[in-house]
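The lines below spell out each chain.
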Amino acid sequence: MLKLSYCRTMPLSAALGSKQGMTLLLFLLPCLLVVFTSCKRPPPEVYHPGKLAEIDASIEKAIEQDKTPGGVFWLEHNRQVYAKAYGNMSVEPEIVPANINVIYDAASLTKVVATTSAIMLLIEREKILLDAPAHRYLEDFKEGGKEAITIRHLMTHTSGLRPGISHTIEVDGVSKQWEGYETAIALAKAEKPQTKPGTHFIYSDVNYILLGEIVQQVTGRKLEDFTREEIFEPLGMTDTGYLPSQKLKDRIAPTKWVNGEMLRGIANNPICRKTGGVHGHAGMFTTASDLAKFARMILNKGELNGVRIFKPETVELMTSVQSPARVDSWRGLGWDMDTSYSKQRGSVFPLGGFGHTGFIGSSLWIDPYSNTFVIFMSNRVHPDGNGDVLELRYQLGTLAAEAIRDFDFKSVPGALTKVRNGIDALEKQNFAPLEGLKVGLITNHTGRNRKGVSTIDLLFETDQTELVALFSPEHGIRGELDDKVGDSMDNHTGLKIHSLYGQTRKPDPEQLEALDALVFDIQDIGCRFYTYISTMGLAMEAAAENGKQFFVLDRVNPINGTTVDGPLRRGESNFIAYHDIPIRHGMTVGELAQMINEERRLDVDLTVIPIEGWRREMLFDETRLPWMNPSPNMRNLTQAILYPGIGLLETTELSVGRGTDTPFEIIGAPYIDHLELAEELNRLNFPGVQFVPVQFTPASSKFKGQTCRGVNIILTDREICQVVDLGIGIAHTLTRLYAPEFDIEKFNRLLRHPEAIEQLRSGQSWQSIVSGWRNEKREFNERRKPFLIYK
């Protein structure tokens with residue numbers, strides 16, 4: 001099309017004989033070469049032709065609606081390219097059709113392609129530490145809360161700094177425009193965090209203005225030189241960089257009129273225009289084909305055509321979720337992963353990909369699972385600043401994924417999911433299931449949403465329901481007590497807190513009289529003798545007896561929902577063995593509530609508000625939910641995993657580490673020879689654990705103030721460690737080596753299996769004891785199937 005238009009106005013011979021003609025021809029030839037190759041559609045087995053046609057139609061419709069004057073689309077899957085230019089690169093002051101080699105103002109794509117890349121190279125070279133305070137690299141950036149801001153906070157937009165710096169300054173009481181790079185940096189350094197660093201996502205140009213300056217301070221080189229020499233030139237990105245040459249002006253898409261001048265080759269960003277055109281947040285120009293080279297390098301773990309820019313682990317670091325756990329908006333280092341700015345991902349590409357957008361209209365999304373990236377370059381602000389490609393980006397992301405024939409996006413191994421506990425799901429529904437009800441809440445300090453706001457406060461402040469009373473379990477409403485708990489008052493709401501771990505463990509009719517429903521929201525640990533599920537069961541009984549509804553705000557099982565381990569309970573129900581389930585049951589509290597209601601024939605009006613995004617095989621640290629100690633001595637996931645086995649031992653004359661910094665990771669007693677015990681246990685070759693001899697002195701609990709000798713249990717493979725088998729094996733060894741000091745009879749209080757105790761006493765091997773439970777576990781797995789909510 002360009003060639004035909006050109007030939008209509010000037011004969012080719014005349015064109016070649018003129019300076020203007022030669023310049024235009026030099027511009028057109030590479031464009032035409034790219035157009036001719038890219039317009040050859042990939043083989044039909046790669047992309048659905050109908051979906052490619054829908055992509056074309058979507059862009060053309062946006063052009064017709066004046067959403068953008070034109071653009072370039074680039075879809076690449078397994079190195080198979082579909083690329084095409086649409087509409088015009090310019091409509092004012094003259095109409096110039098678009099082509100694939102148009103250079104666009106990248107705007108905020110600068111943040112990831114230039115600045116993030118530069119920072120990651122410096123982290124890789126150990127010139128910058130990711131979690132170091134930013135003031136280590138920036139002078140005068142320490143006061144007003146900024147001392148806590150780290151490089152990671154800046155890169156993930158969790159510094160708390162405002163979105164941008166002011167365009168004016170006060171001079172003698174008069175507001176004036178400012179100019180100059182040094183002024184911009186001084187203003188950025190003077191910003192103060194609006195929120196505590198690491199707690200909220202605020203997309204901010206200030207973060208990347210500062211990061212760009214850090215690159216210059218650490219390297220002693222200009223940002224434009226460092227990025228060109230270290231990134232763009234090695235990758236062959238010959239049309240990418242800051243401050244494009246005037247020789248390229250005819251290839252650059254203009255943006256908008258400013259003071260009577262159409263911006264072309266000058267950054268549209270006003271801060272860049274006031275300061276020379278180079279910053280960490282904006283100012284870069286690029287083409288779709290150059291951006292494709294960069295995306296290929298990222299997909300190829302940092303290397304392209306034999307040139308290595310990053311180590312593979314550097315790419316993995318910057319393209320994985322790095323936002324703090326309590327922040328619901330997911331960012332990598334620089335890269336957007338799942339925020340309100342991620343529309344270009346569309347509705348099909350799975351969570352776990354990454355990308356970025358630019359204010360001028362360009363966007364990039366990279367999907368590592370399918371080895372795909374999608375680029376759309378445009379100057380949607382041309383000519384008057386009123387274009388809008390937000391919806392188009394979403395459409396293109398969706399259609400691009402739908403166009404790929406050879407990848408099943410419905411089942412993507414390793415794809416991320418955003419896990420939301422029941423309280424988050426309830427909040428998202430605006431508490432509709434509780435509408436109009438007077439409720440009592442059974443909760444403790446673990447009853448919080450993803451952002452850390454307590455369920456007490458959420459229910460108290462909503463207009464949808466009326467929170468009338470609070471009920472606390474073992475350890476109290478704050479989870480700090482290791483003894484019986486009395487009734488108290490909540491200081492914030494003024495509501496009475498009825499203890500369910502004091503004189504009574506079940507709500508009485510008087511406490512329920514003014515209620516329509518009970519709501520249960522407590523983080524369980526996945527173990528039968530962890531008493532929160534007993535509190536739930538007894539409360540369900542009370543609700544059934546008094547005609548009250550019962551809601552469970554479900555929470556993840558932190559030690560996964562697949563592993564079932566240990567024997568079923570023998571004997572009558574009690575508070576540490578409420579229901580007939582194995583020690584490690586592999587269920588959530590919501591699933592257990594359904595089982596309890598059905599099997600105990602409670603007939604309570606039960607509603608479970610399910611978790612969103614959780615898969616049964618997930619351990620807690622795979623959910624990216626913030627950890628909060630469920631009880632005083634349950635301080636991390638390792639201890640939670642070990643607890644069903646090691647916790648079994650604590651009713652015997654043995655310390656399980658209470659009163660130390662590592663409960664359930666160490667065991668010992670004054671009568672034990674720690675060297676002997678470690679040697680004996682290591683000889684048993686328990687899968688997934690090793691034992692190291694230790695000495696420790698508990699500050700509280702059993703053997704307080706006494707020197708205990710024993711072992712530190714090192715969890716080497718949490719996927720294969722059968723922790724209940726481990727507890728049985730340790731008990732067997734302790735009985736053999738240290739009876740009668742170690743009294744095996746006391747072991748039955750939590751095990752609840754007299755037959756196993758007799759077998760241990762008689763010297764039967766622990767392996768034969770645990771193998772006898774296999775049928776019980778198989779039967780329980782069948783029993784639980786009707787009540788499982790999650791796959």
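Note that this is a predicted model, so its numbers are computed, not measured.

Definitions and cut-offs
- Residues numbered from 1 in each chain as written.
- Predicted model: local features only at pLDDT ≥ 70, side-chain atom pairs only at ≥ 80, totals over all residues.
- Heavy atoms only, no water.
- Helix = DSSP H or I, 4+ residues; strand = E, 2+ residues; numbered from the N terminus.
- Buried < 20%, exposed > 50% of the residue type's maximum accessible area, 1.4 Å probe, protein only.
- Pairing = 2+ DSSP bridges.
- Axes fitted to C-alpha atoms, helices over the stretch in contact; angles between N-to-C directions.
- Contact = heavy atoms within 4.5 Å.
- Polar contact = N/O pair within 3.5 Å; in protein donor to acceptor, adjacent residues only side chain to side chain.

(A) Just unusual backbone geometry, in detail. Residue Pro93 is reached from Glu92 by a cis peptide bond, and omega for that bond is 0°. Residue placement: Pro93 occurs in the loop between strand E2 (80–90) and strand E3 (96–97). Note the cis peptide between His382 and Pro383, where omega equals 0°. Examined against the element boundaries, Pro383 turns out to sit in the loop between strand E17 (372–377) and helix H13 (390–403). Positive phi outside glycine occurs at Asn560, with the angle close to 90°. Accessibility expressed as a relative area gives 7% for Asn560, which makes it buried. The phi dihedral of Arg752 falls on the positive side, at around 55°, and the residue is not glycine. Position of Arg752 among the secondary structure elements: in the loop between helix H22 (748–751) and helix H23 (754–761).

(B) Region of interest: the sheet that holds strand E28 (residues 689–696). Taken in spatial order, the 3 strands make up an open sheet running E27-E29-E28, and their pairing is antiparallel. At either margin of the open sheet sits one strand with a lone partner, and together these are strand E27 (666–669) and E28. Adjacent strand axes in the sheet meet at a mean angle of 25° when their direction is disregarded. Of the strand pairs in this sheet, E27 and strand E29 (residues 708–715) are connected by 4 bridges, and their pairing is antiparallel. If you follow Ile666 over to E29, its bridge partner there is Asn712. Here helix H20 (residues 674–683) sits on the sheet and contacts E28 and E29; the angle it forms with E28, its principal contact strand, is near 170°.

(C) A look at the side chain of Ser378. Its location among the elements puts Ser378 in the loop between E17 and H13. Here Ser378 falls in the buried class, since its relative accessible area comes to 0%. Only 2.9 Å separates the side chain of Ser378 from the backbone oxygen of Gly361, close enough to count as a polar contact. Apart from the residues lying within four places of it in its own chain, the contact partners of Ser378 are Thr68, Gly70, Gly71, Tyr104, Ile360, Gly361, Ser362 and Val389.

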